[in-house]
Structures are given as structure tokens and as C-alpha cells.
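Geometric and topological summary
Each chain, written out:
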Amino acid sequence: MATTSTPSDLDYRPSYLAATITGLVVFALYLVTLAPSTAMWDTSEYITAATVLGLPHPPGNPLFVLIGRVFAVLPIAGSIAVRINMLAAISSAVSAAMWFLITERVLVSWFAARWQRIVGGALAALIGATAFTVWNQSVVNEKVYTVSLLGIALISWLMVRWSDAPDGRRADRTLVLVAYLLGLGYANHMAGMLAAPAVGLAVLIVRPRTALRWKLLVACIAALVFGITPFAMQPIRAAHFPALNEGEPTACRTELTLSCTFSTGTKDAFMYNFNRGQYGKPDLAERQAPFSAQLGMWWLYFKWQWLRDAHYEHPFAQSVLASLFLVLGLLGGYVHYQRDRRSFWYFGSLMFTMTLVLIYYLNFKYGASQDPDLAGVAREVRDRDYFYLWSFSAWGVWAALGLVAVWDSLASLIGREQSTENRVVVERPTRRASLLAAPVLLLALVPLFTNWRTASRAGETDTRDFARDLLNSVEPYGVVVTVGDNDTFPLWYAQEVEGIRRDVVVANTSLLNTDWYTRQIIRRPVYEYDAAAGPAIYRGKTWPKPTGSPIHMTLSQADSVPAYIQLDRPMTFQGGPIKATIDPQRLSSPGVLQRADIFVLRMIADAFSERPIYLSRTSAGYGSELGIGSYLLTQGLATKIFVPPAVQGKDTLLVSGAGWVDVARTRTLWDSVFTGQHSIASRRDWVDRPSVGIPYLYVATGLMLSEVLQVTGDTQGSARVMADARNVARAVHLTDLLAQMDAQPAPAPSPLLAPAPADTQQRKSVPLKP
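Below you will find a few notes about this structure. None of these values were measured; they are calculated from a predicted model. (Residues numbered from 1 in each chain as written. Predicted model: local features only at pLDDT ≥ 70, side-chain atom pairs only at ≥ 80, totals over all residues. Heavy atoms only, no water.)

1. Some words on the overall build of the protein
Formally: Helix and strand definitions follow DSSP, with helices as H or I runs of at least four residues and strands as E runs of at least two, each counted in order from the N terminus. To get the radius of gyration, use the C-alpha atoms; to get the globule rule, take the number of residues to the power 0.38 and multiply by 2.2 Å. Contacts are residue-level and defined by heavy atoms, with any inter-residue pair within 4.5 Å sufficient. Here the Shrake-Rupley method, with its probe set to 1.4 Å, supplies the accessible areas, and only the displayed protein chains count as covering residues. Here the positive residues are Lys and Arg and the negative ones are Asp and Glu; neither His nor the chain ends is included. Here the site of a charge means atom NZ of a Lys, CZ of an Arg, CG of an Asp or CD of a Glu.
A count of helical and extended segments in the protein gives 30 helices and 13 strands. For 770 residues, the compact-globule estimate of 2.2 N^0.38 gives 27 Å, and the C-alpha radius of gyration of the protein, at 29 Å, lies within 12% of that figure. When the backbone C-alpha atoms are referred to their principal axes, the protein occupies close to 100 × 65 × 50 Å. Pairs at least 24 apart in sequence give 76% of the contacts found in the protein among residues at least 6 apart. Total accessible area computed for the protein in this model is approximately 30,200 Å², and 60% of it derives from carbon and sulfur atoms. When the 67 basic and 58 acidic side-chain charges of the protein are each reduced to a single mean position, those positions are 6 Å apart.

2. What about the packing of helix H3 (residues 62-73) against helix H8 (residues 171-188)?
Worth spelling out the cut-off: The axes are straight lines fitted to the C-alpha atoms, using for helices just the contacting stretch, and the angles between their N-to-C directions are given from 0 to 180°. To sort the angles, those under 35 degrees are grouped as roughly parallel, those over 145 as roughly antiparallel, those from 65 to 115 as roughly perpendicular, and the leftovers as oblique. For this classification, the nonpolar set comprises Ala, Val, Leu, Ile, Met, Phe, Trp, Tyr, Cys and Pro, the charged set comprises Asp, Glu, Lys and Arg, and every other residue, Gly included, is treated as polar.
Contact pair H3 / H8: the axes reach a minimum separation of 5 Å and the direction vectors enclose 85°. One finds that H3 runs roughly perpendicular with respect to H8. For the pair H3 and H8, the contacting residues are Pro-62, Leu-63 and Phe-64 in the first and Leu-184, Ala-187 and Asn-188 in the second. Grouping the amino acids of the contact of H3 with H8 by side-chain chemistry returns 5 nonpolar, 1 polar and no charged.

3. Structural notes on the pairing of strand S11 (residues 638-641)
Our working rule: Between buried and exposed lies partly exposed: a residue is buried under 20% and exposed over 50% of the maximum accessible area for its type, with that area taken using a 1.4 Å probe on protein chains only. One requirement defines pairing of two strands: DSSP has to find at least two bridges between them.
Here S11 shows two buried faces, one formed by Ala-638 and Lys-640 and the other by Thr-639 and Ile-641. Pairing of strand S10 (residues 632-635) with S11, which is carried by 4 bridges, proceeds in the antiparallel orientation. Across the sheet, the residue bridging to Thr-634 is Thr-639, located in S11.

4. Points about the nonpolar core
Under the convention used in this document: To qualify as a nonpolar core, a set must consist of buried Ala, Val, Leu, Ile, Met, Phe, Trp, Tyr and Cys residues joined through side-chain atoms within 4.5 Å.
Residues Tyr-30, Ile-155, Met-159, Trp-306, Tyr-346, Tyr-388 and Trp-390 are the most contacted members of the largest nonpolar core, which totals 112 residues. Sorting elements by how many residues they give to this core places helix H17 (residues 389-414) first, with 15 residues. Among the nonpolar cores identified, the runner-up in size contains 110 residues, and Ala-467, Val-561, Leu-587 and Ala-725 belong to it.

5. A few points about the side chain of His-336
Here His-336 shows up in helix H15 (residues 315-339). In contact with His-336, other than residues within four places in its own chain, are Val-106, Arg-341, Ser-343, Phe-344, Phe-347, Trp-398 and Leu-401.

6. As for helix H10 (residues 214-228)
Using the following cut-off: Working rule for helices: expected span equals 1.5 Å times residues minus one. Working definition: the arc comes from the directions between the helix axis and the C-beta atoms, pointing outward to the latter.
Between its first and last C-alpha atoms H10 spans 21 Å; for 15 residues at 1.5 Å apiece the expected length is 21 Å, and the two agree. Within H10, the full set of buried residues consists of Leu-216, Cys-220, Ala-223 and Gly-227. Axial view of H10: buried residues confined to an arc of 65°, hence all on one face. Residues of H10 that are exposed and point more than 90 degrees away from the buried face comprise Trp-214, Lys-215, Ile-221 and Phe-226.

7. Focus: the state of the cysteines
Just so we agree on the cut-off: Two cysteine sulfurs form a disulfide in these notes if their separation is within 2.5 Å.
Scanning all chains against the criterion turns up 1 disulfide. With its sulfur 1.8 Å from that of its partner, Cys-252 forms a disulfide with Cys-260. Across the S-S bond linking Cys-252 and Cys-260, the dihedral sits near 90°, which makes this disulfide right-handed. When its relative accessible area of 1% is taken as the criterion, Cys-252 is described as buried.

Spelled out as C-alpha cells, the structure:
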């Protein structure tokens, strides 16, 4: 094998047309499987942030917000969600084209025939684009990772070209452009800097004297700093108080002024947000799990890329495929080193950074799906495979090179011929032998077929439908207390992007532990209830419009509320007619009444007489923690805080295991308002198991309603609701629950209370600024 590029190699012409066609094919694949709406986890948050030009969670991702806002207004699709989802698809498709070009370049010294190099490039694009996480993240804009992928892929192609001609007339400009893209990538996400170590190492190895040219270094530093400048918009935009203003990196409290913008307070707030101080991540020396377990997490997610076996039905096939693509990738890395060493120094360093270095740096706990039989370990709230999306996508380059090496070896066994290239006699497989050996290349199609069902999000509207159903469970001008990502972000999306039930105030307990979020609730306008667009059950009745926030405090008063109150004995709470005793030992953090709890109680005391106040049923036992469990009335997907009647009525029943139930309201919501149970039932699976609590909520609601209808004599209605609940359980593979439902004629009381989604089972204590 040749170990370095020949002079003729450096004069080759990249197949830009073929790369473009390949990128368009990948984009077409993503369009066919594109999500028509939002999805679970951070998708709703980021679509909302782009729509309102707001700030998502720290550090705020300003570049994505700006690009997303442009896509939100482009007339390229019928809905904002689809437009922003297309941003993810375009980013990944262009990245696939970059991997095509890089692979083709490596193959120049190997194959004289252009068609063979094009085949290799297409294989790299196909393998990388259909890896499960890459594909799944490219058909819905869950976060910023596909935009980061685009930046890394562009930098990679530029560095490969720079490595070809480090002394060329464009070499310095290429490095300055790379520095700018690194800074710009950081303004999108910290992963934008993942390529920086590889860039530096490649320069030092390929042309070390470049690092001594101070004018070029100054230009690169200036370009990098200029690339980061989108962060400058954050204090300015935050002082306009958009609907989504997480972190609020400004000292301005009422309006944008020079004095508060250019102040120590704004600087401190910005740096706290920029450094993600809200999350309080431990030092790298304090490992959250053994490094071997963190490697095991990456290996689990690597196995997912070639066969996403969500229900552990095909473990052997998954392991075989993962081992195959691992070996192909390692072989491809070796081939890369042998065939094009200059570009290898960059690309090999990049792969090392995006795997081992990144695994160590992220310092994750055990994965949500990792070693499910291992008890007593701290786990991530969800699966973090998306953090390794960049390595899985780039792995396609090396896997393709390894597959081409296998193809070439098999063809050599079938037939070889001699030819003269650059006055050198070489022996290569014949064209016929290459064609006969070509079927081995079909291995690249494996992830396309094994992942189509699990990676596709075509037709999925269940997250949007859930948000609408939960909001419509709340009476006009109500407050709904939520506890996690999946019962909060979709509601933000429904309200701010689609204009659904903006009259409802959403109060998330995790975020109520921060000062900026309580200020956001206090500032929030009181939106008019749209009776025509709302459910028919709320028509024909007057709903007085509140005059202000459900928190009757000034901004400074809210800021003065402590992070927690230590309780060493039961505390009595009185809010209007609601009187409760809070047992310190029943709190989520025993003996500690958190800031969020204080504000929830404050809202009950301040607004009970003027607003309906609800707890989302995803909050599970939160009401009991606060001592108000006996004051809760189930209405659909939420429980209303109310004064219980002295005796049960026809429609207000006290159900064992479920508490008070508004039968008529819940039945009407289920039959005439809710659509989520039907959209979930139409799905073929629910791959993301940590968020399965959302469909479980529908099953539990259906079980409860079915049982109550059965008890009250409505057997036909009971059977219909039970059938709906079964359809949901069957669609999302809640096999254990489904077996219980099939084994008994009526639902047992035990599953009546829905569990919280995995991200909400334990409310987060968010550290506050001092």
C-alpha cells in the first residue's frame, strides 16, 4: 500500500456534482421520514426559541436561534415546525456530502477510476446518514446537534484540502476560515470546538512552521473571536423579555437601557449563563460513573446505530452488526493512514476527540437504558446518544473505506491485471472482478433497512396532541404545575408556536427553583381566552379574566425568596379554603421545602380565588408531598385543586387509588377533545423508552375512566375507553401492563395513578446563583 499522496493526487478534481447528488438523495430520504410536528424532549423548546427569537436553556445557542428564526419565516413548508425540522435535514444532508468528498479524496491514490472513488464516497454518505441517531436527529430538530455536525463536516473538508497544499496560495485563508467556523460553531453549541484539537495537531504535523507565523495566528484568533459574536445578542434580546427567556442573561428588569446592559450585573448574569452555572456539573476529576461504564454507554449507543433494538428482541443480530461496522471502521482508519497520511492526521485526531476524549469530558452517569438490571446507580434522565452523533456520522467515512478495502481484496482474488500509472507498473483487480465482488458493498444498505422503522418520524403528531390535550384539561385562565421536560416544553410549543391555549400559565417546578423563571411568570401577559378555538365544554359560561400574574409579588420580592427552607417539624399551610399540613419527611428532599414548593404554595394562596389551579398528572405524588392530596380532582390529564364536597355526587366520585374524579368532564375530554390517545395508537412503536410515561399517562387515564364508567353502569362506554387504552399500550409496547389488562375483566386500582415520565420522576434541585 502507498503511504503518502503522489503529486498527481494533489491535482485531482473533487466530484462536487456527485457529492451534491448524494446530498440531495440523503435529503430526500430525510424528507420522506421527516416529522410533521414537534417531538419529545428539547424539540419543542428549540422550535419555540427559534419562533419567538428567545433563549433556550444555557448557554442559549444564539447561532441556532438566529438560523432557526430565518427558517421559521421561510415559506418552504406549511408549518413552522416542518420548516425548522427541515433545517436539521438540510444540515445533515450537506454533512453527508462533505463525508463523500473526504472519502473520495482518500481514495485518489488508490483508485485511478473516478467511478470507484464515487462509489466509495456514496458508501460513506449512506452509512453515516442512516446510522440510527444521525437519521433520527435529522428528521426533527430536537436540538442543535445537526447544525454542529454541519460545522464539523465543513471544517473537516477544508482541513483535508489544506493538508493537500499547506503552502498553497489559499492555505492561509483556509485556516482563517476554519478558525471563524470554529468560533461560529461554538456560538451554536460547545461541540463546535470539537474539531479544534484536530486542526491544531494537523497543522503541527503537516506544516509545523505555520504555527510560528504570528500574523496568521493573530488573524485566526480574531476570526475565532468574531465567530463567537452571536452571543452578544443575548443580553440585548433577554432585556426585551421574549416568551422564552431561559437564564435571562441581563441585569435589566423592566426595559432595555444602556445603564443596565453595560453593567456588572449583566456581565455576571451573562457569564453565569455562558458557563452553564445553573447545572452545577462536577469537576472532571469527580467521575459520575466509572470510565469503563462510560465507555460501555458509548458502545451501547454504537450498537444502536446499526440496529435500534428498543425492546431487546434481537440482541445477537445487533451485536454482530455492531462488531462488523466496528471492524470495518477500524480497518478503514488503518487504510486511511496508509493511503493518505496527511489528511489522516486531522481526521484520525478528530475521531479520537469525538470518541474517547468526548466520553471522558462529558462524564455522564450510567445511561438511562444501560445495564437495566444494574440497580442502585445514578442514571442520566434520558439516553444521551445524540452527544455522539458526530462520531457516528463521521464513522461512515472509515466504515466505507474499510468496506472498499474488503471489496478491493475480494476483487483481487477473482482477477487482476497490470497497468502503468505515472510510469509505474501496478497490479489492480480487473473491472469484471470489481463488478463481481461488488455485492459485498450491499452491507452499506444494512442500517437503511434495519433503522427505517425506528428512525423515521413520519406522521408523528403525538407530542403536539399531548400538549393540546393537557392544556385543554385546564379550565380557562388556569395555572398548570408541571415537573419535567416532556410535560413542559410541548406546552410551550403549543402556546407560542401554534397559539393553543395561551391563557394557561405553565409553571414548571424544576425551573421555579431559579430566579429568572419566577420573574418570567410574573411578567407574563394575561392572554385572552379564545372560546371559539377552545373545547366546547368551556363554552356557555363566563370565565373572568385575571388582572395579573398568579404570583402576587414584585420582581424584587420574588428574587428574595430563599433557595429552600429547612423544616424540622410539620408545617401548616393555609391558602384560602385550602388548608394542609406538610410533612417534612414526605418532601422529595426530606426536611427541605424547596423554592419551587414555596412558589407553588404561594400561587395557591394568591390566585386560588381568581384562577383554576392544576397539577399535571405527570407530577404523580407531588400534591401529596405538599399535603394537598385530598384537595385534588382529576379532570382529564390534570388534577384541579378544589374544595371537596361533603358527599359524593353523580359526576364527582371518590375513587379508591385515584382520589376525586370528575367523571363527566374526564369522559367528555376523552371522547370529544383528546386526540393524543389516537395519534399514539397509530404509531408502530415508542422507541424512546425514558419518555414512555407520556403514553402511559393515557393508558392510566383510560383505565381509571373505564373502571369508573363500569362502576356507574355505563358498560358500553367503559368498553370503548378500555379499547382505546389497550390500543395505546399495544402501540408503545407496554407489554407487562397489556398482559395485566388482558388477564382481568376490569382494571385493578393499582395502575390508576399514572407514573411520571422518566424525566420527571424526581424533581430537579437547580442550584441558584449566590
